[in-house]
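# Architecture at a glance
Here's the letter readout for the chains.
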Amino acid sequence: MANSRKPRAGCRRSLVAVTLLRYFSPTRPFRYPPMPPIKTRFAPSPTGLIHLGNARTALLSALGGDTFVLRIEDTDGERCRREFVDELIADLHWLGLEWQEGPQSAEPDPHWFQSQRGSIYKDYYRALEEKGLAYPCFCTPVELEVSRKVQLSAGRPPRYSGKCAHLSVDEIRRKRDQGLSPTLRFRVPKNQAVEFEDEVRGPQRFASDDIGDFIIRRADGTPAFFFCNAIDDALMGITRVLRGEDHLANTPRQLMILAALDLPRPRYAHISLIVGDDGAPLSKRNGSRSINQLREEGYFPEAVVNMLARLGHPYDSESLLGVAELRAGFDVNRLGRSPARFDVSHLDHWQGLAVRRAADDTLWTWLHAETRAVVPEAHRADFLDIVRSNCLFPRQADAWAKVLFTDELELEADIAAVAQSAGEAFYLAAIDAATESPDDFAAFLAGLKRRSGAKGKHLFLPLRAALTGSLDGPELAKIYQLMDKPRLHRRLAEFTYESE
Ligand SMILES: Nc1ncnc2c1ncn2[C@@H]1O[C@H](COP(=O)(O)OP(=O)(O)OP(=O)(O)O)[C@@H](O)[C@H]1O
Ligand SMILES: [Zn+2]
């Protein structure tokens, strides 16, 4: 026996040596052994339009997995609405996030809609009850509220008292016969530490004694979040749960449920919440700007995605990246722990890059229909160049189109004052110079300087103000080139006495 073991051990050692040599061989680049694939999910409740916070959680989940799953947590029958599922699917597609598993329509389906999975959950409730790890609770909301208040006034954190934890079979039958519908509570094990390594927040430890027996099925038979969320993660083979840190305190409860049912536990990564200007987390309930609204304002999905990916996660490149490139540079361990503040100027920075990079066709269809209607075909390409360097949103492009190609022009009082400051002679000179050189801006400018003696800002600012109603914007040469000459003359003539 001893003899036969020796060569085997030697054999194993040389196998290890050969493997190591293969990894460290100077002729071969070092490669880590392949990692098992990671499966992540986004599991929203369709109770409203998704906002930037939800979208960041969805994006990071998509970036942080090899397979990405979408699951609809629609167990709250009162707040969940089908049109929010439609909108959610449209929003995720618009952002460029594709899921390999999950619904493609709002049609409720037992694979991905929790409202349709009641029979699956039933088996797991039964398993817990049979093990004595769940029990019916007949306490009324009023009783629970009184108990909560008593504990709080005694300076203790409120926790379920355990009143129904040891009802006899007869007592349970009697209460059911009286027509009372119980909730089902999970029996939290005593005196245990629940530990896990959070991929963002590091080691976590909770004492089970701090957690009261909690509800896993409501009195109306619907599953509670803690329960169906954990069960579905296990059944769907999710290996990394990436979600907002609002769920951190739920995790020990979910780990206890998984352990009680011998179901596999995923890794958890609790990411910081996005907070608004008021410091409060964005939420569907506090009217935070939705993805839908951003889309309607004309934000490009690339801008939204780049802003979100970089909020609390560094990237080496400062250029606009596609989802595949963001994924290549993503590392869950590089996610910051502090709250991520939403700053609209960051979003607008990426929007500027997206507008500048957009192809002509994309930019043309991005414009409002009423804008497209006023831009002459012959000036389309030049106008799009103006849009690229001057606009972040279609409404700004619309304003420039109106200035350049329609007679609509309202001058604010301060702008009119700048225009007037040049005096009548300046505008008479400008009209003559424009008549002399209608197609050559440099010659027009030289003619205007010669005739009026004006130069520098005393020349450019009044001209800009009179022609565009603004003190900044596209190059004057472009404006001169694109503006119909009779219109240009009319605008200049506005500041001559004759027109008054
Ligand atoms: N402000 C936020 N920042 C980052 N992630 C968030 C934010 N708010 C919610 N999430 C995450 O979005 C995911 C989906 O959550 P859910 O559908 O419950 O949305 P919610 O905005 O929290 O809804 P409600 O306003 O109804 O509480 C969860 O992982 C949650 O942690
Ligand atoms: Zn009870």
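Within each chain, residues carry numbers counting from 1 in the order of the written sequence. Chains and ligands are labelled sequentially in the order written, the chains with letters from A and the ligands with numbers from 1. Reporting of local features is limited, given that this is a predicted model, to residues whose pLDDT is at least 70; pairs of side-chain atoms are given and counted only at 80 or more, and all residues count toward the totals for whole chains, interfaces and linings. To get the side-chain values, all heavy atoms of the structure are used, and hydrogens and water are removed first.

### Concerning the nonpolar core
Buried residues of nine kinds, namely Ala, Val, Leu, Ile, Met, Phe, Trp, Tyr and Cys, make up a nonpolar core once their side-chain atoms join them within 4.5 Å. Throughout, exposure labels follow a simple rule: accessible area from a 1.4 Å probe, protein chains only, divided by the maximum for the residue type, with under 20% read as buried, over 50% as exposed, and the rest as partly exposed. Counting residues in hydrophobic clusters, the biggest one holds 130 residues, and the most contacted among them are L52, I216, V304, F383 and F444. Among residues more than four places away in sequence, those in contact with V304 are L52, W94, L95, I291, L294, Y299 and L347. Counting residues in hydrophobic clusters, the runner-up holds nine residues, among them Y135, C137, C164 and L167. Residue contacts are counted whenever heavy atoms from the two residues lie within 4.5 Å of one another.

### So, the site of ligand 1
Neighbouring residues of ligand 1: 19 residues in total, closest H51, D246, I274, S283 and K284. Here L282 contributes a backbone N or O atom positioned 2.9 Å from a nitrogen atom of ligand 1. Taken by itself ligand 1 offers 600 Å² of open surface, and the protein chains cover 89% of this. Sorting the residues of the shell around ligand 1 by element identifies α2 (52–63) and β8 (240–244) as the ones contributing at least two each. In DSSP terms, a helix is any run of H or I states spanning at least four residues, a strand is any run of E spanning at least two, and both are numbered starting from the N terminus. A total of three residues in the shell around ligand 1 trace back to one element, the largest contributor, which is α2. We call a residue near a molecule or strand whenever a single non-hydrogen atom of that residue lies within 4 Å of it. Under this definition, polar contacts are N or O atom pairs within 3.5 Å; protein pairs additionally need one hydrogen-donor-capable and one acceptor-capable atom, and for neighbouring residues in sequence, both atoms have to be side-chain atoms. Areas reported here follow the Shrake-Rupley algorithm with a probe of radius 1.4 Å; residue values treat only the protein chains shown as occluding.

### Here we look at the UniProt feature "domain: Aminoacyl-tRNA synthetase class I anticodon-binding" (unreviewed entry) in the protein
As annotated in UniProt, the feature "domain: Aminoacyl-tRNA synthetase class I anticodon-binding" (unreviewed entry) corresponds to residues 399–494 in the numbering used here. Secondary structure content for residues 399–494 is 72% helix and 0% strand, and the end C-alpha separation is 20 Å. UniProt positions are given in the numbering used here, feature names are shortened, and annotations may be inferred rather than shown by experiment.

### Brief notes about the coordination of the zinc ion (ligand 2)
Donor criterion used throughout: N, O or S atom within 2.8 Å of the metal, extended to 3.2 Å for Na, K and Ca. Water excluded; incomplete-looking sites may result. At the metal site, the zinc ion (ligand 2) is ligated by C137 (SG), C139 (SG), Y160 (OH) and C164 (SG), and these contacts range over 2.0 to 2.3 Å. Classification of the site at the zinc ion (ligand 2) rests on its four donor atoms, whose angles at the metal span 101 to 120°, yielding the label tetrahedral. Going along the chain, you hit the donors of the zinc ion (ligand 2) in the pattern C-x1-C-x20-Y-x3-C. No difference in accessibility class separates C137 from C139, as the two residues are buried. A four-donor site is called tetrahedral if each angle lies between 85 and 135 degrees; a four-donor site is square planar, and a six-donor site octahedral, when trans pairs exceed 155 degrees and the remaining angles lie between 65 and 115; all other cases are labelled irregular.

### A word on the sheet that holds strand β7 (residues 214–217)
A pair of strands is labelled paired if DSSP reports no fewer than 2 bridges between them. Strands sit in the order β3-β4-β7 across an open sheet of three strands; the sheet is antiparallel. Each edge of the open sheet is held by one strand with a lone partner, namely β3 (134–137) and β7. Recorded for the sheet is a direction-independent mean angle of 45° between the axes of neighbouring strands. For helices, the axis comes from a line fit to the C-alpha atoms of the stretch in contact; other axes are also lines fit to C-alpha atoms, and the angle between any two N-to-C directions lies between 0 and 180 degrees.

### Quick word on the environment of Q104
Inspection of the secondary structure puts Q104 in the loop between α3 (82–95) and α4 (118–130). Classification of Q104 by relative accessible area gives partly exposed; the value is 49%. For the pair Q104 and R81, spaced 23 residues apart in the sequence, the C-alpha separation amounts to 16 Å. Discounting residues that sit within four places of it in the chain, Q104 has contacts with I89, H93 and W99. At 2.9 Å, the side chain of Q104 and the side chain of H93 are in polar contact.

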